[in-house]
Amino acid sequence: MASELQRQLNMTGLWQDIRFGARSLLRNHGLSAAVLATLALGIALSTSLFSVVNGVLLRPLPYPDSAGLVQVWETRPQLGRERNPVSPADFFDWASLNEVFESMAAYVPRSVGVSGEGEPIQVEGAAVSADFFRVLGAPAAYGRLFDERDDEPGAPPVVVLDDGIFRRLFGSDSSAVGRTLVVDGIPRRVVGVLSPSLSFPRSATELWIPLGLDRAERQVRALHTLRVIARLRPGVSLLEAGERMEALAATLEKEHAVNRGHGASVRSLKDELVGDVRPALRILSVAVALLLIVACTNVANLLLARATGRSREMALRVSLGARRTRLVRQLLTESLLLALGGGLMGTLLAVWSIDALRGLPPTVLPRAGEIGLDGAVMAFTLVTSLSSGVFFGIAPALQGSSQAAPMSNLTARGFLPRGRRLRQALVVTQVAVALILATGSALLARSVVRLLDVEPGFHHESLLTAGVSLPEARYPSPESRAIFFRELQDRLSASPDVISAATVTALPLQGPSGGRYFFIVGDPPRPPGQGLNANFNLVSPDYFQTMGIPLLRGRDFTVADGIEASPVAIVNQAMADRFWPGRDPLGARIGVGQEPHRTVVGVVGNVRQSGLDQKPEPEMFWPQLQNPYHLAVIVTRTAGEPLAALPVLRETVRAIDREMVLARISTGEEIVSGSVDSRKLPLGLFTLFAGLTVLLAAVGLGGVLSYAVSLRTRELGLRLALGAERRSVMSLVLRDGLILAGSGIALGAVACVFLAGFLSHLLYGMSPRDPSTLSGVALLLGGVSVLAAYIPARRATKVDPVVALQHE
């Protein structure tokens, strides 16, 4: 009975605290609004970033038992390649001989043209082996998925659709299963529709077709085109799977000479999809935590000032019998009410920001579509709000309750300035954190600027590019593909809107189209596993001229370098320097497998094929007219704005083939800018966090100085009455502000030196401890601090001595 009575009393007291606290906050609506706005901003950013971390890093992939899904790569340690595609023969050997996977599947991403329902469109697709959907555990929403019969050579052509394209083309009509779509010129029957949100290998993948390798293709080991996924057997760890697959690769290396130097690696599929964004999100999580700390210290300073102003109220309550613990509880209740209010407002702001983050492209933020406000995010917001309330409320509560000395505070004409050192320490902390974040932002910005200043090796101005895919059904032979590319180039070059035009397999800065082992005819044979290797690209005549890549020696490809002509090649300067040091490669002959030897006829300048932050690699170019592949990128140098020539490009392609659709249209500027997409998210968010932190620090500094001026009104009035110049009074206040700001800057500078290593992997061409950046940010923050201190310093000079002294 006694315990029940005590519980009821406690609940009654808590309810009284809540009601009293709400009334008190409403009376001080100006301060309450400032606190709520500050908290809402910090909690909104925290919630938004946690939603990203949760959706990208913490949430499992949307497949059953996704922890067992892995990506299996071929490795070539001697070439520094850890993620190499796999040959068909190696894949089938892996699938049949491994002992660590339940199932294994291969896929090849590709863009395909789709017609049969309205206007032709170009979509992202993938050719997959029979076990592909079984490995993922992806169910069909309608119809069925592939089985072994669909993947056999000569099987009836079929296709599986993603939910998105299914809704666009058929309006989610389930009777569409069994209808026909023309995919790259081949009529295919729709056998199934995949459940929503299960697209793979890319979030934009909209359809899948069977890989359909014939017996001869399954025995090829020299062509590495397949990506491989697998599902681990129960009880098999990722480490064990990697060791066993490495051992299997060593066995195949002994059995097949072409496999010399090849290994295997097993990586979590989730880690593969997340890519390089994990370190950036970790850094941003620390940054937003620091921002939230600054917001809380700002709120703590406001509440400390308010607690000092309530000293008479606290003294009166103590005189009426209130205990100090009761006062602490009351003040903490008010802080928690503010925190919950800020959390609610922050959640509403986060909804808007999360919608913006969901629209980011996969190159900037993978798995962006899976970001949202789920239970985990809401729980995080609640915990963050309550923790913030305790963090910024505990010091004001303790100070406010400690000021309850009844007689002194009830009889004093003014209240006593308590907690001065604590408020100053909080401001110093704010300035230090602001310096840390601002320095990080400046380093990232300078890094991106330096990266964009890197010479890519080609002139990207006035370039327009677009991908095309020649359907095998309409272009079955190399001759038919060569005719298409030749006619396309001739027609575009004749247009007054186009200065020159060409085609290429892989654009610069977007990764190589592949690598080739080769040997130099006449050079001594190399030991097994140490063969020469270089990237290769297929280009048409005038490609180097169109791209602005200099021809250093020899000649360019011409229309005479066709299928019937002698095989030729052009190499870049990096390849010439590495494989013909001190020699002229012109006239040298190179061999690739059993193909006829190629004569090197030219040397061109280096192009950064893999990215602006990657050094040019050895690369050889083959004439596209000799080796016409069904995929190509059209490159045009336009006479005016690149996008203004897009209608001409579309009309020219449709004039040759009315069912042809352009894909991945971009300008040269977009190609260069897109190469730094992975750095845009950390730079943008870091800059936002840094700017807000500097603003909060300036507000905190100005607030503390303003409060100090209000406490020293009579002192300043007395100084002025005794003849002090107003300029000296201003200097007095400015000095106090600069001491606080200088202490924070010094503390932040020391922290920057120790924390610099955390940013090193995000920087290019500069040290994370760059002294010019740190000193520049320190000067900037010092200037902001002077401005923040100027307002209260000027107000101090406006004190009227008569008004200030008439209360004495």
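Keep in mind it's a predicted model, so treat the numbers as computed, not measured. (Residues numbered from 1 in each chain as written. Predicted model: local features only at pLDDT ≥ 70, side-chain atom pairs only at ≥ 80, totals over all residues. Heavy atoms only, no water.)

**Let's talk about the overall build of the chain**
Counting its secondary structure elements, the chain contains 23 helices and 22 strands. For the chain, buried positions account for 51% of its 808 residues. Considering only contacts in the chain between residues 6 or more positions apart, those separated by 24 or more positions represent 82%. Carbon and sulfur atoms make up 60% of the accessible area of the chain, which amounts to about 36100 Å² in all. (Helix = DSSP H or I, 4+ residues; strand = E, 2+ residues; numbered from the N terminus. Buried < 20%, exposed > 50% of the residue type's maximum accessible area, 1.4 Å probe, protein only. Contact = heavy atoms within 4.5 Å. Areas by Shrake-Rupley, 256 points an atom, 1.4 Å probe, with all protein chains shown as cover.)

**Points about the pattern of salt bridges**
Under the defined criterion, the tally for this structure stands at 28 salt bridges. Among the salt bridges present, the one from Arg 474 reaches Asp 657, with a minimum N-O distance of 3.0 Å. Of the two residues, Arg 474 sits in the loop between β12 (463–469) and α14 (478–494) while Asp 657 sits in the loop between α17 (646–656) and β22 (663–667), which places them 183 residues apart along the sequence. Arg 474 sits in the partly exposed class, given a relative accessible area of 28%. Residue Asp 657 is classed as buried on the basis of its relative accessible area, which comes to 7%. Measuring nitrogen to oxygen at the nearest pair gives 2.8 Å for the salt bridge that ties Arg 491 to Glu 487. (Salt bridge = Lys/Arg side-chain N within 4 Å of Asp/Glu carboxyl O.)

**A look at the side chain of Thr 503**
Looking at the element boundaries, Thr 503 is found in strand β13 (residues 498–504). Within polar-contact distance, the side chain of Thr 503 engages the side chain of Gln 624 at 2.3 Å. (Polar contact = N/O pair within 3.5 Å; in protein donor to acceptor, adjacent residues only side chain to side chain.)

**Examining the nonpolar core**
Core analysis: the largest hydrophobic core is formed by 68 residues, its most contacted members being Val 56, Leu 281, Leu 365, Leu 437, Phe 686 and Phe 689. When contributions to this core are tallied by element, the ones reaching two or more residues are α2 (29–58), α8 (277–309), α10 (324–358), α13 (420–452), α19 (677–711), α21 (726–755) and α22 (771–797). The greatest single-element share of this core, amounting to 14 residues, is contributed by α19. What Leu 365 contacts, discounting residues up to four positions off in sequence, is Val 52, Val 56, Val 277, Leu 357, Leu 360, Ile 371 and Leu 681. In terms of nonpolar packing, the next biggest core, distinct from the first, is built from 41 residues, Val 72, Phe 91, Trp 94 and Val 236 among them. (Core = buried A, V, L, I, M, F, W, Y, C linked by side-chain atoms within 4.5 Å.)

**Let's talk about α21**
The end-to-end C-alpha distance of α21 is 43 Å, a good match for the 44 Å that 30 residues give at a rise of 1.5 Å each. Taken together, the buried positions of α21 are Val 729, Met 730, Leu 732, Val 733, Leu 734, Gly 737, Leu 740, Ala 741, Gly 744, Ile 745, Gly 748 and Cys 752. (Expected span 1.5 Å × (residues − 1).)

**Things to note about the pairing of strand β20 (residues 619–623)**
Of all five residues in β20, five are buried, a share of seventy percent or more. Covered by surrounding structure in β20 are Glu 619, Phe 621 and Pro 623 together with Met 620 and Trp 622, the residues of both alternating faces. In this structure, strand β17 (residues 568–572) lies alongside β20, joined through two bridges in antiparallel fashion. When the bridges of β20 are listed, Val 571 appears paired with Met 620. (Pairing = 2+ DSSP bridges.)

**Notes on the confidence of the model for the chain**
Across the chain, pLDDT averages 82, with 85% of residues at or above 70. Across residues 4–11, where pLDDT falls below 50, the model places zero contacts with residues more than four positions away in sequence or in other chains. Within the model, pLDDT remains below 50 along residues 407–418, and this stretch shows 28 contacts once partners closer than five positions in the same chain are excluded. (pLDDT = per-residue confidence, 0-100.)

**Side note on a negative patch on the surface**
The grouping of Glu 455, Glu 461, Glu 669 and Glu 670 at the surface amounts to a negative patch. Looking at the secondary structure, you find Glu 669 in helix α18 (residues 668–674). Overall, the relative accessible area of 47% leaves Glu 669 in the partly exposed class. (Patch = residues over 30% accessible without salt bridge, like charges linked within 9 Å, V, L, I, M, F, W, Y side chains within 5 Å. Lys, Arg positive; Asp, Glu negative; His and termini not counted. Charge placed at Lys NZ, Arg CZ, Asp CG, Glu CD.)

**Quick notes on the environment of Val 266**
The residue Val 266 is located in strand β11 (residues 263–268) in this model. Separated by 194 residues in sequence, Val 266 and Val 72 have C-alpha atoms that sit 4.7 Å apart. Beyond its immediate stretch of four places on either side in the chain, Val 266 contacts Val 70, Gln 71, Val 72, Phe 101, Leu 238, Ala 241, Gly 242 and Met 245.

**Points about the packing of aromatic side chains**
A ring pair, where both rings are aromatic, is described by two values, the distance of the centres and the angle of the planes. In this structure the tally under the stated criterion is 16 aromatic pairs. Taking the centre distance of 6.3 Å and the plane angle of 45° together, the rings of Phe 166 and Phe 170 count as tilted. Linking Phe 166 with Phe 170, this pair stays in helix α5 (residues 163–170), spanning four residues, or about one helical turn. Neither residue differs from the other here; Phe 166 and Phe 170 are each classed as buried. With centroids separated by 5.1 Å and ring planes inclined at 90°, the aromatic side chains of Phe 544 and Phe 621 adopt a geometry described as edge-to-face. A residue pair is termed long-range when its members are at least 10 positions apart, and Phe 544 in helix α15 (residues 543–547) and Phe 621 in strand β20 qualify at 77 residues. (Phe/Tyr/Trp six-rings, centres within 6.5 Å; stacked < 30°, edge-to-face > 60°.)

**Observations concerning the environment of Thr 667**
With respect to the helices, strands and loops of the structure, Thr 667 is situated in strand β22. Overall, the relative accessible area of 10% leaves Thr 667 in the buried class. Spatially, the C-alpha atom of Thr 667 lies 7.5 Å from that of Ser 462, the residues being 205 residues apart in sequence. Ignoring anything within four residues of it in the chain, the contact list for Thr 667 reads Leu 463, Leu 464, Pro 642 and Leu 643.

**As for a nonpolar patch on the surface**
Taken together, Val 750, Val 753, Phe 754, Leu 755 and Phe 758 make up a surface patch of nonpolar side chains, about 510 Å² in accessible area. Position of Phe 754 among the secondary structure elements: in helix α21.

**A short note on the packing of α14 against α17**
Between α14 and α17, whose axes approach to 10 Å, the crossing angle comes to 140°. The angle between α14 and α17 places the two elements in the oblique class. Crossing handedness for the pair α14 and α17: right-handed. Here Phe 484, Glu 487, Leu 488, Arg 491 and Leu 492 of α14 lie close against α17, whose contacting residues are Leu 649, Thr 652, Val 653, Ala 655 and Ile 656. A per-class count over the contact of α14 with α17 returns seven nonpolar, one polar and two charged. (Axes fitted to C-alpha atoms, helices over the stretch in contact; angles between N-to-C directions. Parallel < 35°, antiparallel > 145°, perpendicular 65-115°, else oblique. Left-handed = near helix turned anticlockwise from the far one by under 90°. Nonpolar A, V, L, I, M, F, W, Y, C, P; charged D, E, K, R; others polar.)

**Quick notes on the side chain of Ser 265**
Tracing the backbone through its elements, the reader meets Ser 265 in strand β11. Taking the relative accessible area as the measure of exposure, Ser 265 reaches 13% and is therefore buried. Discounting residues that sit within four places of it in the chain, Ser 265 has contacts with Gln 71, Val 72, Trp 73, Thr 75 and Glu 82.

**Notes on the packing of helix α3 (residues 88–97) against helix α6 (residues 238–255)**
Where α3 contacts α6, the two axes come as close as 11 Å, and the packing angle between them is 125°. When the axis of α3 is compared with that of α6, the two are oblique. Crossing angle aside, the handedness with which α3 passes α6 is right-handed. Taken together, the residues of α6 that come into contact with α3 (itself represented by Asp 90, Asp 93, Trp 94 and Leu 97) are Met 245, Leu 248 and Leu 252. Taken together, the residues of the contact of α3 with α6 sort by class into five nonpolar, no polar and two charged.

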